[in-house]
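Analysis of the macromolecular model
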There are 2 protein chains.
Amino acid sequence: MTIQNQIEQKLKDHGYKLTLQRKTILEVLLKNKNHFLSAEEIYLQTKEKYAQTNFSTIYRNLEILENIEMIHKINIHGATSQYEFISHNSHHHHIICKGCGKTELIDFCPLEEILDKLNHPDFTFTDHKFELYGYCTSCKEKTCKK
Amino acid sequence: MTIQNQIEQKLKDHGYKLTLQRKTILEVLLKNKNHFLSAEEIYLQTKEKYAQTNFSTIYRNLEILENIEMIHKINIHGATSQYEFISHNSHHHHIICKGCGKTELIDFCPLEEILDKLNHPDFTFTDHKFELYGYCTSCKEKTCKK
DNA sequence: GTTAGTGCAAATGATTTGCACCGAA
DNA sequence: TTCGGTGCAAATCATTTGCACTAAC
C-alpha cells in the first residue's frame, strides 16, 4: 500500500470523496514532502497536471487536509500561508531563512523535555510549533538590510 | 529612567519622532506586557486615550516597532496578527489555547540546547519561535469541536 | 439519486498605500 | 523650516463564500 493509497483511504474514512483534482493536489504535496509550499505554488503545480484547477478548490482541499491532520499550515512572519505534508514517520522542525525563505529540516524536537519541565496538568496539549529564523550563507553575503 | 523613557530614547536613536499617539501606543503595549494583542485591540485601547487615532497609524507604528525589535509579531494558526512588547529581561514562550485563544507564559526556552545539537556554522540565527497549542480546562469541558 | 465537490465571480477582511495636510525637532 | 507622521479614502491581496452545475459513490 503506497503512501498515496493510505492517504486516500484516510480521506474516505472521513467521508470525503476522491476526486481527480483532490488526488492531484495530494500528489503535489507528496512530491514536495518536507518542503513548505504556498497555496499559489500548490495551485500552479496542480494546474500543470489538471489544467482547469481553481484556487478556491485548492483552498477548500487544503482546509480539509489540515482538519484531518495530513498537512501543516504555517505562517512565517505574517507572510502568506505555507503548507507541508505531514510525514508521520519523521517529526521535524525547520530553519527558515528570512532572506530567501528557503527552509531546512531540523530533526531534533524539544517537546518532550519541555512537557517534563512544565508539568501543566490542566492543559491538554495537541500541537506545537518550533522554528528557527536567520540568514543563510548567500543571503548573509548580500548584506540583507534590516 | 523608566522603561517608557528607554523605549522613547531608542526610537529617537533610530531617527523617529515622538508623537503623542506613538507614545500612547507604547503605553498600551507596555500596559499589556507579556500579553499578545491584536492590531484591533491596540487600536481600541489607543483610541481610549487619543480619540482621533487611525488604523493606518497603528499599523505603521507597529511595523516600526517590529523593525527596531521592540515588539514581536506572531500569527497563530493563520489568524490575525498578534503583537507583544519584548521584555528584554524575561525571554519567554507561550502556551496557546486553541479554544479561547488565551495565552500563558512558559519560562523555559529550548534554544541553546538546540543550537548546541545542531552545529550549523553556515547559518546566522537571529530569531526563533516556540509555541505550544492545546485546550485549557474550560475549553476542554465545552468539548470543543474541531 | 444523493451528497459532496467544483468553477466562477463576487465578497470579505486584514493590511497597505497615495496624497495632502500637520506637527516635532 | 524640514522631514517624518498622520488621517482619510481607496487599493491590494490572500482567502472565503454563494450559487448553479457536475461528478463520486
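Residues numbered from 1 in each chain as written. Chains lettered and ligands numbered in written order. Predicted model: local features only at pLDDT ≥ 70, side-chain atom pairs only at ≥ 80, totals over all residues. Heavy atoms only, no water.

1. Considerations on the overall build of chain A
Helix and strand counts for chain A stand at 6 helices and 6 strands. Of the regular secondary structure in chain A, the N- to C-terminal order runs α-α-β-α-α-β-β-β-β-α-β-α. Burial status across chain A gives 43% buried among its 146 residues. In chain A, the share of contacts with a sequence separation of at least 24, taken over all contacts with a separation of at least 6, comes to 49%. Looking at chain A as shown, the accessible area adds up to about 8100 Å², and 49% of this sits on carbon and sulfur atoms. (Helix = DSSP H or I, 4+ residues; strand = E, 2+ residues; numbered from the N terminus. Buried < 20%, exposed > 50% of the residue type's maximum accessible area, 1.4 Å probe, protein only. Contact = heavy atoms within 4.5 Å. Areas by Shrake-Rupley, 256 points an atom, 1.4 Å probe, with all protein chains shown as cover.)

2. So, the relation of the copies chain B and chain A
Superposition of chain B onto chain A requires a rotation of 180° combined with a translation of 0.0 Å along the rotation axis, giving an RMSD of 0.1 Å. Each copy turns onto its partner about a two-fold axis. Considering only C-alpha atoms, the part of chain B nearest the rotation axis is Phe-130 of chain B, at 2.2 Å. Looking at the interface residues of chain B, 100% of them are also at the interface in chain A, so both copies use one shared face. (Least-squares fit on C-alpha atoms with pLDDT ≥ 70 in both.)

3. Structural notes on the domain arrangement of chain A
Residue and element names in this part refer to chain A. Domain boundaries in chain A define domain 1 (3-85) and domain 2 (93-145). Computed from C-alpha coordinates alone, the two centres of domain 1 and domain 2 are separated by 23 Å. With 6 residues of domain 1 at the contact, the number on the domain 2 side is 7 residues. At the boundary of domain 1 with domain 2, the tally comes to 0 salt bridges. Along the contact surface separating domain 1 from domain 2 lie 1 residue pair in polar contact (both at pLDDT 80 or more). When its residues are assigned to classes, the side of domain 1 that touches domain 2 shows 3 nonpolar, 2 polar and 1 charged. (Domains from an automatic or database assignment. Salt bridge = Lys/Arg side-chain N within 4 Å of Asp/Glu carboxyl O. Polar contact = N/O pair within 3.5 Å; in protein donor to acceptor, adjacent residues only side chain to side chain. Nonpolar A, V, L, I, M, F, W, Y, C, P; charged D, E, K, R; others polar.)

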